[in-house]
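These are the residues of each chain, in order.
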Amino acid sequence: MASSLKKFFQLSNYKYNLLLLLNKHNSRINKLTESVSPDEIKSIAGISFEYFDIETGKYLDWVKNYYPDLPPELHEPKFKKLIEFYTSFHLLDPQDDDVFLDAAGGIHSYLNRLDCTKKYMQDMRISDELKQHLGSTIEYIDSNAANIPLPDSSVDKISVHHSIEHFQQNSDTQFVLEVQRMLSAGGKCCIGPIFLNQVYIEMTDINDHSMKFDEKSKRVIDTTSIFPGGETSGNYARIYDIEALVRRVIDHVDRQNFRATIYEVLMDGKSVPDFSLKCHRDTAKVESPYRVLLIERLK
Ligand SMILES: C[S@@+](CC[C@H](N)C(=O)[O-])C[C@H]1O[C@@H](n2cnc3c(N)ncnc32)[C@H](O)[C@@H]1O
């Protein structure tokens, strides 16, 4: 008790904890975010929009099956990371003979729970602890997502969990090109969430004005937000508006050979994540509605 009180009042944690107590997370970013509507997404040329409505019963069975030992950092069965995993798992449908890549997979991953013939984890920062925890059935690739050293057409499924928003400079665009280069015929990549807002934002959670790479974005510094992911994600997050999504991502999808679909994820018809759950109390407003981008290679 004494030690947790001491930790609470440590200078470095003081402001953060005070804001947590006052429920003042995302104090700046929440004021600047208003999601785009399904109709606005449907107006994007050359992509489809669909709903992915999760049935709670089936979802909870999946969680029990894949996470019988729910670790403390995954909080509870309806924690957003598990919804994210369930969504990519179902849209990608991993098979035993698949080559599976978890791109920018460096913190939480379900790779170690898959039976795929070959499993790769790629990230700029993969700790030795994570490698030890996930084990030697996975091959680890320490690289930028903009340049992944895997051969052309060599990967069947690619998951990208809560990461593309952290890709700095032009790594988001370059990653979308890498995805198309790496995917085999019939291969799929699920990028989720994909954050869409009325205003295009590049944000940081530290007082650093250098983290703005696109002249068209609005720079936002919000030290009360964990959305930019702290040091482990480079203290940076990009939130697209429709124009930025099209210019940086969609326009780089070769629509002759690939199909792009944005799915809005629901659970029994309701938006996710559930903000009334304690584990989502510091979740930024922009995380709902929850959407993912699926890129499929046609031939
Ligand atoms: C919020 S974490 C998500 C990690 C993991 N996918 C998960 O769901 O827990 C974002 C990850 O993106 C990685 N990352 C950020 N920019 C990157 C880049 N340009 N190339 C590769 N990885 C990057 C970070 O190192 C970090 O591991």
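Our structure is the block above this text.
Residues numbered from 1 in each chain as written. Predicted model: local features only at pLDDT ≥ 70, side-chain atom pairs only at ≥ 80, totals over all residues. Heavy atoms only, no water.

Moving on to the site of the ligand. Lining the immediate environment of the ligand, one finds 20 residues, of which K81, H108, D123, R125 and A145 sit closest. H161 places a polar main-chain atom, nitrogen or oxygen, 2.8 Å from a nitrogen atom of the ligand. A total of 590 Å² of accessible area belongs to the ligand in isolation, and the protein chains cover 95% of it. (Near = heavy atom within 4 Å. Polar contact = N/O pair within 3.5 Å; in protein donor to acceptor, adjacent residues only side chain to side chain. Areas by Shrake-Rupley, 256 points an atom, 1.4 Å probe, with all protein chains shown as cover.)

Glancing now at the packing of aromatic side chains. In the structure shown here, the tally under the stated rule is 15 aromatic pairs. Arranged with centres 5.2 Å apart and planes meeting at 85 degrees, the rings of F49 and Y51 form a pair that is edge-to-face. Judged by its relative accessible area of 13%, F49 falls in the buried class. Each residue in the set F52, Y59, W62, Y66, Y67, F85, Y86, F89, F100 and Y110 is aromatic and connected to the rest through ring pairs, giving one cluster. (Phe/Tyr/Trp six-rings, centres within 6.5 Å; stacked < 30°, edge-to-face > 60°. Buried < 20%, exposed > 50% of the residue type's maximum accessible area, 1.4 Å probe, protein only.)

Right, let's talk about the layout of surface pockets for a bit. Of the volumes computed, that of the second largest pocket is approximately 200 Å³. Here the lining of the second largest pocket gets three residues from one element, more than from any other, and that element is helix α7 (residues 128-134). Looking at the lining of the second largest pocket residue by residue, the class counts come to seven nonpolar, four polar and three charged. (1 Å grid on protein atoms, 1.4 Å probe; cavity = no way out; pocket = protein on both sides within 12 Å on 5 of 7 lines; lining within 4 Å. Points joined across faces, edges and corners; volume = space filled by probe spheres on them. Helix = DSSP H or I, 4+ residues; strand = E, 2+ residues; numbered from the N terminus. Nonpolar A, V, L, I, M, F, W, Y, C, P; charged D, E, K, R; others polar.)

What follows deals with the pairing of strand β3 (residues 118-123). For β3, a buried count of five out of six residues is recorded, marking the element as mostly surrounded by other parts of the structure. For strand β2 (residues 99-103) and β3, the ladder comprises five bridges, and the chain directions are parallel. Looking at the pairing, A103 lines up with Q122 of β3. Sheet analysis places β3 next to strand β4 (residues 138-142), joined by five bridges and oriented parallel. Residue M121 lies in a different strand from β4, and its bridge partner there is Y140. For the segment spanning β3, α7 and β4, crossover handedness is right-handed. (Pairing = 2+ DSSP bridges. Right-handed = clockwise from strand over helix to strand, strands pointing away.)

Right, let's get into the environment of L111. Its location among the elements puts L111 in the loop between β2 and β3. L111 sits 26 residues away from T137 along the chain, and the two C-alpha atoms are 9.3 Å apart. Ignoring sequence-local partners within four residues, the contact set of L111 consists of F100, D102, K119, Y120, M121 and I138. (Contact = heavy atoms within 4.5 Å.)

On to unusual backbone geometry, then. Cis geometry marks the peptide bond from V272 to P273, where omega comes out at -5 degrees. Within the secondary structure, P273 sits in the loop between β11 (270-271) and β12 (290-297). The amide bond that connects S288 to the next residue, P289, takes the cis arrangement and shows omega of -5 degrees. Structurally, P289 can be placed in the loop between β11 and β12. At D268, a residue that is not glycine, the phi angle is positive and equals roughly 45 degrees.

Nothing here speaks to function; it is all geometry.
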